[in-house]
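Breakdown of the fold
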Amino acid sequence: MLVVDGLTKLFPGGRGITDVSFTVDQGEVFGFLGPNGAGKSTTIRHIMGFMKPDRGSASIKGLDTWKQQGVVQKLVGYLPGEIAFIEGMTGKEFLDFLARMQRVDSLARRGELIDRLQFDVTTPIRKMSKGMKQKVGIVAAFMHNPELIILDEPTSGLDPLMQQLFIELVLEEKARGTTFLMSSHSFPEIERTCDRAAIIKDGRLVATNNIHELQSMQRKLVIIVFEHQEDAEAFVLGGHVPIESRDGRRVTVAVQGNYNGLIHEAAKYKVRSLDIAAQNLEDVFMQYYDRKEAAAQ
Amino acid sequence: MNFPLFKQMMKIHVKGMSNYAFGSAFYILLMFWLYPGIADNTGALNELLQSMPEGIVNAFNFQGGFGSMEAFISGEYYGLILPLLLSIFSIMLSTGLMARLVDQGSMSYLLSTPTTRRQVAATQASVLSAGLLLIILVTTGAGLLGYVWFIGDRFEFNGMRYIEMNVVAWMLFIAASGITFLVSSVMNDEKKALGISGFIIIGMFALDMLGKISSSVEWLRYGSIFSLYRQSDIAAGSGDPLFASLVLLAIGLACFTAGIIAFSKRDLPL
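Residues numbered from 1 in each chain as written. Chains lettered and ligands numbered in written order. Predicted model: local features only at pLDDT ≥ 70, side-chain atom pairs only at ≥ 80, totals over all residues.

Bringing the overall build of chain A into the picture now. Looking only at helices and strands, chain A has 10 helices and 14 strands in total. Taken over the C-alpha atoms alone, chain A extends approximately 70 × 45 × 35 Å along its principal axes. Split into buried and exposed, the 297 residues of chain A put 38% on the buried side. (Helix = DSSP H or I, 4+ residues; strand = E, 2+ residues; numbered from the N terminus. Buried ≥ 20, exposed ≤ 12 C-beta atoms within 10 Å, placed from the backbone.)

Laid out in structure tokens, this is it:
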């Protein structure tokens, strides 16, 4: 469906992307992960045909996105990372206008999406909150039933309830055979919808993995507060689980895959509370690199 | 050309366009209304003009004197106010149609639909041209109406020359808006586009004015499209308005085409 092949674009100042290649298959939800400034948006700009690659290409169903700009767009729905609508319109006027530009009669589907996302479509765009603009953007990307939907950081600005709804929408569309490319800097956002994910850092693709592999790679910090300080000490001294730090009755454990071991060990003592702090993506990456380097040595 | 886009852009900008058009119409009507009072004192006013340095008279396009209606209107309106009004219009609207959409990012929505960049740029160019045509038509119409209302048969008025004057003014601003459109098409920053196109157009206007003040710096005028716009010559029945119109039209078309091509080939930071 989507083939990115050796895409290279260097900006003056040294930033840019180098030799980015990946393939997204029909009906797949593909995550595109990376910290801010890693080159996610630059890659997406090339896929949307906004920029001319120095080398390499991006193509959708065999159509080059730069050379065939204007044709490729028939297949694509797009949610920009920073949404900017044309000034002086209401949400409804904008969606009507975009539907005419897309040349698809999408009235029924649009109504359905607006109902689901629950927002007042007659609000002037300049009075909309970030979350509301995001909703209009989501409707605009989905309404014409495109074969490929490209979403640049789709859930930013949405509250948890709407994030949940958004995930449902993506999964429904996926069931219908729609292909997705979704960029994000947060792992949990990708985790629940994607089949595979690519990780980009400093303009280079470091890995393309099955999402389950990434999940098992992710290290979580479990914070356990014990009832008694002695218990905490004994737990730490037991040495069965990798301890990150200890502060009185409070013990932080780093878990990666071995959840059973942790539960087994902690169950021996009285636990007052338990908290899980997911690691941020940066840490997941760091660990990924470490592992790779270790393997290389 | 993309019709839904054209319609939407016209809808957004028609209010601004009409403001310019009606402002211009009102001003020209006022001039026609004033003329009878001035015409009675033509002799005195012409003497006043003669007592002023020639350069100043030329610079402000009063060289036609106050002898005829079209000479009066060419000096009073077509020499200074209309060019300034249309300059501002061209600079503002071409920036608003291209550079602003890129700067804000809303261009990404237009380009995410099955429309080529050339179509988008050509549509925006036609919105700009339509706006110019609207202003010129309303202005010309108001002038003719003013003639019927206030002048009638009382004073000399050559309608053909008046229309010629409007056609050349229109062509001048096809050229000027071509230049501003080209600037706006290659800029990512709205303020920069505004600044640079403003600098070029107002700069050309100033060059032409300076060139007219003194014959020693007359060469300055040749760097300016405004030197092709000699409304006082037209009012006096001399000059070559057809040639001037064709050159201005050619400049305008070349710049619009260059803008459309440049826009379709460049990287957009959307």
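If you tally the helices and strands in chain B, you get 11 helices and 0 strands. Of the regular secondary structure in chain B, the N- to C-terminal order runs α-α-α-α-α-α-α-α-α-α-α. The globule rule puts the C-alpha radius of gyration for 270 residues at 18 Å, and the 20 Å found for chain B is close to it. In terms of overall dimensions, chain B has C-alpha extents of about 65 × 45 × 30 Å along its principal axes. Per-residue burial for chain B yields a buried fraction of 49% across its 270 residues. A fraction of 78% describes how many contacts in chain B between residues 6 or more apart in sequence connect residues 24 or more apart. (Rg over C-alpha atoms; globule rule 2.2 N^0.38 Å. Contact = placed C-beta atoms within 7 Å.)

The next thing to look at is the environment of S57 of chain A. All names here are of chain A. Along the chain, S57 turns up in strand β4 (residues 55-60). Here S57 falls in the partly exposed class, since 15 other C-beta atoms lie within 10 Å of it. Sequence separation of S57 and G157 is 100 residues, and the distance between their C-alpha atoms is 32 Å. In contact with S57, not counting residues within four places along its chain, are D5, L7 and D64.

Accessible area lost upon the coming together of the parts is a frequently used measure of interface size. Contacts between the two partners involve 24 residues from chain A, matched on the other side by 20 residues from chain B. Breaking the side of chain A that touches chain B down by element, the ones donating at least two residues are β6 (76-79) and α2 (91-102) of chain A. For the side of chain A that touches chain B, the element with the highest residue contribution is α2 of chain A, accounting for 5 residues. Its residues placed into classes, the side of chain A that touches chain B shows 13 nonpolar, 5 polar and 6 charged. (Nonpolar A, V, L, I, M, F, W, Y, C, P; charged D, E, K, R; others polar.)

A separate point is helix α8 (residues 159-186) of chain B. The end-to-end C-alpha distance of α8 of chain B is 41 Å, a good match for the 40 Å that 28 residues give at a rise of 1.5 Å each. When you tally the buried positions in α8 of chain B, you get 23 out of 28 residues, the bulk of the element. (Expected span 1.5 Å × (residues − 1).)

So, on to the sheet that holds strand β10 (residues 204-210) of chain A. Residues and elements named next belong to chain A. In space, the 6 strands of this open sheet follow the order β6-β7-β8-β3-β9-β10, with mixed pairing throughout. With partners counted over all chains shown, the strands left at the sheet margins are β6 and β10, one partner each. Strand-to-strand twist across the sheet, computed as the mean angle between neighbouring axes with direction ignored, equals 15°. Strand direction decides the pairing type here: strand β3 (residues 29-33) and strand β9 (residues 196-201), joined by 4 bridges, are parallel. Residue pairing for β9: F30 is matched across the bridge by R196. (Pairing = 2+ DSSP bridges. Axes fitted to C-alpha atoms, helices over the stretch in contact; angles between N-to-C directions.)

All right, on to the packing of helix α3 (residues 107-117) of chain A against helix α4 (residues 130-142) of chain A then. All names here are of chain A. α4 packs onto α3 with a crossing angle of 150° between their chain directions and a minimal axis gap of 10 Å. If you check the angle between α3 and α4, you find them roughly antiparallel. Regarding α3 and α4, the two cross each other, and that crossing is right-handed. Taken together, the residues of α4 that come into contact with α3 (itself represented by R110, L113, I114 and L117) are K135, I138, V139 and F142. In terms of residue class, the contact of α3 with α4 is made up of 6 nonpolar, no polar and 2 charged. (Parallel < 35°, antiparallel > 145°, perpendicular 65-115°, else oblique. Left-handed = near helix turned anticlockwise from the far one by under 90°.)

All names here are of chain A. Its location among the elements puts N145 in the loop between α4 and β7 (148-152). Residue N145 is classed as partly exposed on the basis of its C-beta count, with 13 C-beta atoms lying within 10 Å. Residues N145 and R110, 35 residues apart in the sequence, show an inter-C-alpha distance of 10.0 Å.

Moving on, we get to the pairing of β9 of chain A. Regular strands show a simple pattern: their side chains alternate between the two faces of the sheet. Residue and element names in this part refer to chain A. Burial of β9 is extensive: 6 of the 6 residues sit out of reach of the surface. Burial along β9 is two-sided: R196, A198 and I200 and A197, I199 and K201, pointing in opposite directions, are all buried. Hairpin connection between β9 and β10: a loop of 2 residues separates the two successive antiparallel strands, and D202 in this loop has a positive phi of roughly 50°.

For chain A, the assigned domains are domain 1 (2-210) and domain 2 (219-278). Computed from C-alpha coordinates alone, the two centres of domain 1 of chain A and domain 2 of chain A are separated by 40 Å. (Domains from an automatic or database assignment.)

Attention now moves to the environment of Q163 of chain A. Residue and element names in this part refer to chain A. Along the polypeptide, Q163 turns up in helix α5 (residues 160-175). Residues Q163 and E189 lie 26 residues apart in sequence; the distance between their C-alpha atoms is 8.5 Å. Beyond its immediate sequence surroundings of up to four residues, Q163 is in contact with T155 and L158.

This next bit is on the packing of helix α1 (residues 3-39) of chain B against helix α5 (residues 81-104) of chain B. Residues and elements named next belong to chain B. At their nearest, the axes of α1 and α5 sit 11 Å apart, and the two run at 175° to each other. When the axes of α1 and α5 are compared, the pair comes out roughly antiparallel. For the pair formed by α1 and α5, the contact residues are M9, H13, Y20, S24 and Y27 on the first element and I81, L82, L85, F89, L93 and L97 on the second. Looking at side-chain class alone, the contact of α1 with α5 contains 9 nonpolar, 2 polar and no charged residues.

All names here are of chain A. In this model, R103 sits at a positive phi of 55°, which is unusual for a non-glycine residue. Residue placement: R103 occurs in the loop between α2 and α3. Despite not being glycine, E153 shows a phi value in the positive range, around 50°. Within the element layout of this structure, E153 appears in the loop between β7 and α5. Residue classification places E153 among the buried residues on the basis of 22 C-beta atoms within 10 Å.

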